[in-house]
Amino acid sequence: MQKVFSKTTGLTDLPFHYCPGCTHGIIHRLIGEVMEELAIIDKTIGVAPVGCAGFSLDFFSCDFVGAAHGRAQAVATGIKRSLPDKLVFTYQGDGDIAAIGTSHAIHVAARGEKITSIMVNNAVFGMTGGQMAPTTLTGQVTTTSPYGRDAGLAGSPIDLPKTLATLNGAAYVAAVSVDSPKNIIQAKKALKRAFQVQELGLGFAFVSILSTCPTNWGLSPVDSLKWLQENMLPVYEMGELKVPEEVKAL
């Protein structure tokens, strides 16, 4: 019998234990496939902070380091500078990198640190109970904004990729989603380019991925995807915001 599919070697055999409908699993698989296709598993080091992203340490076949809340990029910078031949990436939620870790995100990009950062944006703080995050949409109800996010009090959601794309040290910036087969294909392309940018030593690479959080949104997995499509996609600018010519040629 012809074998038509194999699980990527970029992931361990441990079953995911994310909530039903959570799209962390899809993103994990894409990263695992990219590492396998680029033949970089053995020379890649991942860094994850706390929160749901912290579970990722168990699921990837590459080496992994745990970091304090918001500090994954600081840890990754130290690893990359001390081991420049390694490929280093961070895997962070929006409540991490766009909140307590914002200063690191800005300055890592400004300095052009040769690392790859992946932000999973589900518009809430996930593990701690669905509190309002910097990425929470205006009017969105969360456990700490029961009447909806008030832009007059809490400001508007931060579109981090657009901010980072303005910095010279950011070589590659993309904003993608995993809500449909088409968008999943585009997400994988962006992740692959983000690792290739690092392989070429071009500077900082950043990929933001819109994700669902059915548990904290109070929706079914299917309705969560619809909510993302109807509410998040219109707010966040999608696509490759910054692409070096060297990567376009690959």
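All of the points below concern the structure found in this document. In this text the structure is predicted, and so the values were computed from the model without any measurement. (Residues numbered from 1 in each chain as written. Predicted model: local features only at pLDDT ≥ 70, side-chain atom pairs only at ≥ 80, totals over all residues. Heavy atoms only, no water.)

### Quick look at the sheet that holds strand S9 (residues 239-242)
Okay, step 1: Pairing is mixed across the open sheet formed by seven strands, whose spatial order is S2-S1-S3-S4-S8-S7-S9. Of all strands in the sheet, those with a lone pairing partner are strand S2 (63-66) and S9, marking the two edges. Pairs of neighbouring strands in the sheet enclose a mean axial angle of 20 degrees, with direction left out of account.
Okay, step 2: One ladder, built from seven bridges, connects strand S7 (residues 170-177) with strand S8 (residues 204-210); its direction is parallel. Across the sheet, residue Ser177 finds its bridge partner in S8, namely Leu210.
Okay, step 3: Of the strands in this sheet, strand S1 (44-48), S2, strand S3 (87-93), strand S4 (116-121) and S8 touch helix H2 (residues 72-82), which is tilted by about 175 degrees from S3. (Pairing = 2+ DSSP bridges. Helix = DSSP H or I, 4+ residues; strand = E, 2+ residues; numbered from the N terminus. Axes fitted to C-alpha atoms, helices over the stretch in contact; angles between N-to-C directions. Contact = heavy atoms within 4.5 Å.)

### Notes on the state of the cysteines
Okay, step 1: The full count for this structure, using the stated rule, is zero disulfides.
Okay, step 2: Cysteine Cys62 is unpaired, with the sulfur of Cys22 as its nearest cysteine sulfur at 19 Å.
Okay, step 3: With relative accessibility at 6%, the residue Cys62 sits in the buried group.
Okay, step 4: With no disulfide of its own, Cys213 lies 6.4 Å from the sulfur of Cys52, the closest cysteine sulfur.
Okay, step 5: Residue classification places Cys213 among the buried residues on the basis of a relative accessible area of 10%. (Disulfide = S-S within 2.5 Å. Buried < 20%, exposed > 50% of the residue type's maximum accessible area, 1.4 Å probe, protein only.)

### As for the pattern of salt bridges
Okay, step 1: Counting across every chain of the model gives 10 salt bridges.
Okay, step 2: In this structure, Glu33 engages Arg29 in a salt bridge whose closest nitrogen and oxygen atoms are separated by 2.8 Å. Here Glu33 pairs with Arg29, and both are found in helix H1 (residues 24-37), just four residues apart, close to one helical turn.
Okay, step 3: For Arg29, a relative accessible area of 39% translates into the label partly exposed.
Okay, step 4: In this structure, Lys188 engages Glu33 in a salt bridge whose closest nitrogen and oxygen atoms are separated by 3.0 Å. In this pair, Lys188 sits in helix H7 (residues 181-199) while Glu33 sits in helix H1, placing the two residues 155 residues apart along the sequence. (Salt bridge = Lys/Arg side-chain N within 4 Å of Asp/Glu carboxyl O.)

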